[in-house]
Amino acid sequence: MRPRDGEARSSGAAATSAIGNRDTDPCPRWDQIDVAHLAPLPSSPYAAVLEQVWRVVWSRHFDPTFACVNWPRLREDYGARLAGATTTTEAYARINEMLGRLGVSHLRAFAPYDLTHPSPGGTGWVPLRARWIEGAVVVTHTSLFGQGSGIARGTVLHQIDARPVAPTEGGQARAGGRRQRREVAVASHLDELLRCEPGRRRRFKLSEPGEPGRVQTRELVCVAPLGRVINFGHLRGLRARVESRMLDGKIGYLAFNVWMLPLAADLHRALGELRKAGARALILDLRGNLGGVGGMTIPVASLFMGERADLGRLVMRGVTQKLEVRPGPGDDPFLGPLALLVDERTASTSEIFAIAMGQQGRAKIYGGVPTAGMALPSLVERLPDGGLLQYPVGEYFGPGGAVAEGVGVRPDVVVARRRSDYVAGRDPVLEAAVRDLQLGQATEK
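Residues numbered from 1 in each chain as written. Predicted model: local features only at pLDDT ≥ 70, side-chain atom pairs only at ≥ 80, totals over all residues. Heavy atoms only, no water.

Peer 1: Before we move on, can you summarise the side chain of Arg-202 with the specific residues and values?
Peer 2: Position of Arg-202 among the secondary structure elements: in strand β10 (residues 201–207). By relative accessible area, which is 6% here, Arg-202 ends up buried. Polar side-chain contacts of Arg-202 include one of 2.7 Å to the side chain of Asp-161. A polar atom in the side chain of Arg-202 sits 3.2 Å from the backbone oxygen of Leu-193. Not counting residues up to four positions away in its chain, the partners in contact with Arg-202 are Val-126, Ile-160, Asp-161, Leu-193, Leu-194, Arg-195, Cys-196, Arg-218, Glu-219 and Leu-220. (Helix = DSSP H or I, 4+ residues; strand = E, 2+ residues; numbered from the N terminus. Buried < 20%, exposed > 50% of the residue type's maximum accessible area, 1.4 Å probe, protein only. Polar contact = N/O pair within 3.5 Å; in protein donor to acceptor, adjacent residues only side chain to side chain. Contact = heavy atoms within 4.5 Å.)

In C-alpha cells:
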C-alpha cells in the first residue's frame, strides 16, 4: 500500500531537516542529504535491490536536483510499493517505474532473468529490417551484415506467427506525445519482433511488391548473429560486426553494429581495404547502431581527421571530460568526403559521433527522421541479486554546444522515406548520399 503524503514526509524528516523544506524550495539539490538517517525500507525480498539502485543514482546522477523530482520521497513511495511485489518481474517493473520518473535515457535495472535471456524473442534474428512508413510495416533492408532473408525490399509485413506487427494506438500513446518518441518506440518494437532463437521457423503473413493486394504466408528461418564475440565488463557475449563494400563512383560503404573498442582495429582494416579498392568518398552507415562505449568515438573519428579536433565534452557531477582527436605522426586518416546515415535506432555513442562530426563540418548527415535522442554516457553496476543497473553519469555537449538527449540529431539532408522507393528496390537514404558524393556535395554544410 502506498503511504499517504503525510506519512512520507514524516518518515523522511530526518533526511530533509538538514537541507530545508524540499516541498517549497525550487529544484533543491539532493546530493548533500545525510543518507545515514534515511528511514529503513519496508521488509521485502527486493528491498536491498531498491536501496542500492536508489543510492547509486543518488550519488552519481549528473543532475543533483534530479530535474526537480523529490528523490528521497520516491524511495519511500516505491519502497512501500515494492513490499507488495510477489515476483522478480513485478519488483523490477516497479523499480524501473521509479527510475522512469527522472525522464532520462540509459537508466534501467535489469533483472537476473533478463541477463540470461537478453531478448524475449531469442539470441538470433530474421535478417531484415522493417520500419513504419506511410501507415504500413515496410521491409527496408533485405539482409543484415551479409545474412540474407530472401524477402524483397518494399514487402509489407502483416503478421509474424499470427501476431500483428502494426503498432497499436495504445502502444504509441504510451511512448509519449512527441512524434520522434513514437517513431523510436515503434522501430524498437519492430526490431524486437524479428528476434528469435537460431534455427526457429517464423511464419510471416506479407504482401510482396509485385502483388500488393495479395496476402501470402512465408516461413523464414532465424539465424545466429555473425561477428566476433566481445565481453565488456558486465556485458557478455556481444556480437560485433563490420560490413564494407564498394559502391559506384569510387564510393566506399562501411557499417558496424556496436561501439566496442576491439572493433576499432576491424574498422581501420576495412577502411584500408576500401582505400586500396579506390574509394575517394565514404558512407558510414549508423542506422540501427544503438551505441556502446563512448570513448570509441575518438579512435573512429581519428580515422577521418587529419588535424586536432574537438569532439565535445561530457559534463558529470563536478567533472568535465573533453573528447578530442589528436593525430599522431604515423596516422594516415581518410580525408575524402564523408556521409553519415542515421535513423530512429541510431542512438547513444552513434549520436555523439554524429553531432561531433557534423559540428566539425567533417561529415554531412542523411536520414529520414531524427535519431533516437538517447545520448547520455552511462555505467553499469551489479545489483545484490545478480541483476544489473545501467545509469547515466553525465550529459554530452557537442563542439558547438548541441545536445542529442531527448531531441536526437536531425539530419542535414532529410530524405523522405516512401514505400514506393522500397517497392522499386531502392534505399532512398543511401541513394541520396551516393548522389551527393558523386556530385561533390556531401561535405557542403
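Peer 1: Any details on the nonpolar core? Residues and values, ideally.
Peer 2: For soluble globular proteins, nonpolar side chains are generally found buried alongside one another. Within the largest apolar cluster, 45 residues are counted, with the highest numbers of intra-cluster contacts made by Leu-284, Phe-304, Leu-340, Phe-353 and Met-357. Excluding residues that lie within four positions of it along the chain, Met-357 makes contacts with Ala-301, Phe-304, Met-305, Leu-338, Leu-340, Arg-362 and Ala-363. Membership of the second largest hydrophobic core comes to 34 residues, among which are Val-56, Trp-71, Ala-91 and Val-393. (Core = buried A, V, L, I, M, F, W, Y, C linked by side-chain atoms within 4.5 Å.)

Peer 1: How would you sum up unusual backbone geometry? Please name residues and give values.
Peer 2: The phi dihedral of His-106 is positive, around 60°, even though this residue is not glycine. Its place among the elements puts His-106 in the loop between α5 (88–100) and β1 (108–110). Phi is positive for Ala-162, which is not a glycine, with a value near 70°. Positionally, Ala-162 belongs in the loop between β7 (156–160) and β8 (163–164). Residue Ala-162 is classed as exposed on the basis of its relative accessible area, which comes to 63%.

Peer 1: If you had to explain the packing of helix α4 (residues 71–82) against α5 to someone new, which residues and values would you point to?
Peer 2: Relative to each other, α4 and α5 sit at 165°, their axes nearing to 10 Å. The orientation of α4 with respect to α5, classified from their angle, is roughly antiparallel. The two elements α4 and α5 cross, and the hand of that crossing is right-handed. For the pair formed by α4 and α5, the contact residues are Trp-71, Leu-74, Tyr-78, Arg-81 and Leu-82 on the first element and Ala-91, Arg-94, Ile-95, Glu-97, Met-98 and Leu-99 on the second. For the contact of α4 with α5, the class distribution of residues is eight nonpolar, no polar and three charged. (Axes fitted to C-alpha atoms, helices over the stretch in contact; angles between N-to-C directions. Parallel < 35°, antiparallel > 145°, perpendicular 65-115°, else oblique. Left-handed = near helix turned anticlockwise from the far one by under 90°. Nonpolar A, V, L, I, M, F, W, Y, C, P; charged D, E, K, R; others polar.)

Peer 1: Hey, could you go over the layout of surface pockets for me, with residue numbers and the actual values?
Peer 2: Approximately 430 Å³ is the volume attributed to the second largest pocket. Lining the second largest pocket are 19 residues, with Trp-132, Arg-179, Glu-183, Val-369 and Arg-417 sitting closest to its centre. Of all elements in the fold, only β3 (129–133) and α8 (179–193) reach the threshold of two or more residues within the lining of the second largest pocket. Looking at which element gives the most residues to the lining of the second largest pocket, the answer is α8, with five residues. Considering only residue class, the lining of the second largest pocket consists of nine nonpolar, two polar and eight charged. (1 Å grid on protein atoms, 1.4 Å probe; cavity = no way out; pocket = protein on both sides within 12 Å on 5 of 7 lines; lining within 4 Å. Points joined across faces, edges and corners; volume = space filled by probe spheres on them.)

Peer 1: Quick one: what's the story with the sheet that holds strand β21 (residues 378–382), residue by residue and with numbers?
Peer 2: Whenever strands of a sheet pair, they do so through backbone hydrogen bonds, lying parallel or antiparallel. The strand order across the open sheet built from three strands is β1-β22-β21, with neighbouring strands paired in antiparallel fashion. Edge positions in the sheet fall to β1 and β21, since each has one partner strand and no second. Mean inter-strand twist for the sheet, computed between neighbouring axes without regard to direction, equals 20°. Sheet topology note: the β21/strand β22 (residues 388–392) ladder contains five bridges and is antiparallel. Residue Leu-379 lies in a different strand from β22, and its bridge partner there is Tyr-391. Lying over the sheet, helix α3 (residues 47–60) contacts β21 and β22, oriented at roughly 20° with respect to β22. Packing of α5 onto the sheet brings it into contact with β1 and β22, and relative to β1 it is tilted by some 165°. (Pairing = 2+ DSSP bridges.)

Peer 1: Any details on the state of the cysteines? Residues and values, ideally.
Peer 2: One pass over the structure, following the stated rule, counts two disulfides. Put simply, Cys-27 and Cys-68 are joined by a disulfide, and their sulfur atoms are 1.6 Å apart. With a gap of 41 residues between them, Cys-27 in the loop between α2 (13–16) and α3 and Cys-68 in the loop between α3 and α4 connect regions that are remote in the sequence. Of the residues examined, Cys-68 reaches a relative accessible area of 45% and is grouped as partly exposed. Disulfide pairing is shown between Cys-196 and Cys-222; the S-S distance is 2.2 Å. Where Cys-196 bonds to Cys-222 through sulfur, the torsion about that S-S bond is close to 110°, and the disulfide is right-handed. Taken together, the positions of Cys-196 in strand β9 (residues 195–196) and Cys-222 in the loop between β11 (216–221) and β12 (228–232) put the pair 26 residues apart, joining distant regions of the chain. On the accessibility criterion, Cys-196 (0% relative accessible area) is buried. (Disulfide = S-S within 2.5 Å.)

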